Amino acid sequence: MVDHPADSPVNAGNADAAADRFHALLRSLRVWDCELPGIDTDPTHAPADPLPLFRQWLREAAEAGVPEPHTMTLATADAAGDPDVRTLMLHDADERGWHFASHRGSRKGRELAARPRAALGFYWAALGRQVRVRGRVTEAGPEESAADLHRRSTGALAAALVGHQSEVLASYADLERASEAAWDRAQREPTAPVPSWTLYVLRPDEVEFFQGDARRRHVRINYRREGGDGDRGDGVGVGGGEGWVRELLWP
C-alpha cells in the first residue's frame with residue numbers, strides 16, 4: 001500500500017470527488033415531500049396568547065406520527081456571548097412558560113446562570129411546521145425540580161445520578177462503572193435526591209409559528225409581549241390578549 005502526502009494530487013482529487021458527492025447529495029434532498037396542512041392567514045383568528053396554539057400544534061404533530069414531537073433545540077450563550085445549542089426534551093408548557101431541566105453545573109446550566117435568557121426551537125417536518133420561543137429563564141424551586149425528576153423513568157434518574165454532565169470523561173470504562181452503580185441505586189431508591197437537578201422555566205417574550213408552503217409562501221404568525229425584550233414592531237400588528245400582540249411576518 002502506497003501512502004500519498006496529504007497535499008498530493010491523488011489526495012486532492014479524492015477530496016474533490018468526496019466534496020462533489022456531498023454537494024450532489026445535498027441537492028438531491030427534498031423538503032416537505034408531502035401534503036402540508038393549511039393555516040388561517042389572519043392573525044386575528046389565532047388564539048389571544050401563544051400557549052393554546054402551541055399545545056394544538058404539538059398534539060397535531062404527535063397525531064401525525066412525528067417521532068418525539070416534544071424534542072426541541074435550546075440555544076444559550078455564555079458570559080462572553082458565545083452561542084451554544086443542543087437538543088433536549090420539553091417537560092411542560094403552561095401559563096408560566098416552557099419547562100426543561102438539566103444539571104445546574106452542566107454547560108447549559110452555567111450559561112443560564114451567566115445569561116438567563118434562551119431560545120427554543122421545535123421542528124415537525126411531516127407538517128412543515130416550526131415554532132420558535134425566546135425569553136427569560138428562571139429556576140424552579142428544589143421541590144418542584146425534584147418532583148420533575150422523579151416523575152421520569154428509572155433511566156432518567158440513573159443518568160441524573162451519574163452526574164458530571166459536560167465534564168471531560170477520562171475513559172468510557174469510567175462511565176460504565178458510574179452508570180452501573182447509578183442504575184442499581186435508581187432501582188433501589190426511586191426517590192434518590194439529585195440536588196443539582198434543576199427545572200428551568202422560559203417565560204416567553206416572543207413566540208413564532210411557522211407553517212411551510214410548497215411554493216415558499218410560508219405563513220409566519222408572531223406573538224410578542226408588549227413591553228418585553230422581544231418588542232419589535234416590524235410587522236403588521238393587531239391586538240392580542242394579556243399584553244400579546246399578534247402579527248404576520250414576511251417569509
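Note that the coordinates shown come from a computational prediction; the quantities given were computed from them, not determined experimentally.

Undergrad: Any details on the packing of aromatic side chains? Residues and values, ideally.
TA: Per the counting criterion, the structure on display carries 9 aromatic pairs. Both rings, one in Trp 32 and one in Phe 210, keep their centres 6.3 Å apart while their planes meet at 45 degrees; by these two values the pair is tilted. Taken as a pair, Trp 32 in the loop between α1 (9-28) and α2 (50-63) and Phe 210 in strand β7 (residues 197-211) lie far apart in primary sequence, 178 residues in all. Overall, the relative accessible area of 11% leaves Phe 210 in the buried class. Among the aromatic side chains, those forming a connected cluster through ring pairs are Phe 54, Trp 98, Phe 122 and Trp 124.

Undergrad: Could you give me a rundown of the environment of Leu 249, with the residues and numbers involved?
TA: As for its position among the elements, Leu 249 is in strand β10 (residues 244-249). For Leu 249, a relative accessible area of 11% puts it in the buried group. The spacing of Leu 249 and Ala 156 is 93 residues in sequence and 39 Å in space, taken between C-alpha atoms.

Undergrad: Please provide a residue-by-residue account of helix α4 (residues 142-150), values included.
TA: For α4, the full list of buried residues reads Ser 145, Asp 148 and Leu 149. End-on view of α4: buried residues confined to an arc of 95 degrees, all on one side of the axis. Where α4 is buried, its residues contact β4 (97-103), α5 (154-162) and β7.

Undergrad: Explain the layout of surface pockets to me, and be specific about the residues and the numbers.
TA: Computed from the structure, the largest pocket encloses a volume of approximately 480 Å³. Residue lining of the largest pocket: 24 residues in total, with His 103, Ala 159, Ala 160, Gly 163 and Gln 165 positioned closest to the centre. For the lining of the largest pocket, the secondary-structure elements that each account for two or more residues are β2 (83-89), β4, α5 and α6 (172-188). The element contributing the most residues to the lining of the largest pocket is α5, with 4 residues. Of the residues belonging to the lining of the largest pocket, the class tally is 13 nonpolar, 7 polar and 4 charged. Surrounding the second largest pocket, 14 residues form its lining, Asp 49, Asp 94, Glu 95, Arg 225 and Trp 244 being those nearest its centre.

Undergrad: Could you give an account of the pattern of salt bridges, with specific residues and numbers?
TA: Per the stated rule, a full pass over the model turns up 14 salt bridges. One salt bridge connects Asp 205 with Arg 117, and the closest N-O pair in it is separated by 3.0 Å. Here Asp 205 is found in strand β7, whereas its partner Arg 117 is found in strand β5 (residues 117-124), with 88 residues between them in sequence. Given a relative accessible area of 6%, Asp 205 falls into the buried group. Among the ionic pairs, Glu 247 bridges to Arg 224, the shortest N-O distance being 3.0 Å. Of this pair, Glu 247 sits in strand β10 while Arg 224 sits in strand β8 (residues 219-225), placing them 23 residues apart in sequence.

Reading guide: rules and limits
- Residues numbered from 1 in each chain as written.
- Predicted model: local features only at pLDDT ≥ 70, side-chain atom pairs only at ≥ 80, totals over all residues.
- Heavy atoms only, no water.
- Phe/Tyr/Trp six-rings, centres within 6.5 Å; stacked < 30°, edge-to-face > 60°.
- Helix = DSSP H or I, 4+ residues; strand = E, 2+ residues; numbered from the N terminus.
- Buried < 20%, exposed > 50% of the residue type's maximum accessible area, 1.4 Å probe, protein only.
- Arc of directions from axis to C-beta.
- Contact = heavy atoms within 4.5 Å.
- 1 Å grid on protein atoms, 1.4 Å probe; cavity = no way out; pocket = protein on both sides within 12 Å on 5 of 7 lines; lining within 4 Å.
- Points joined across faces, edges and corners; volume = space filled by probe spheres on them.
- Nonpolar A, V, L, I, M, F, W, Y, C, P; charged D, E, K, R; others polar.
- Salt bridge = Lys/Arg side-chain N within 4 Å of Asp/Glu carboxyl O.

Geometric values such as these leave the question of function open.
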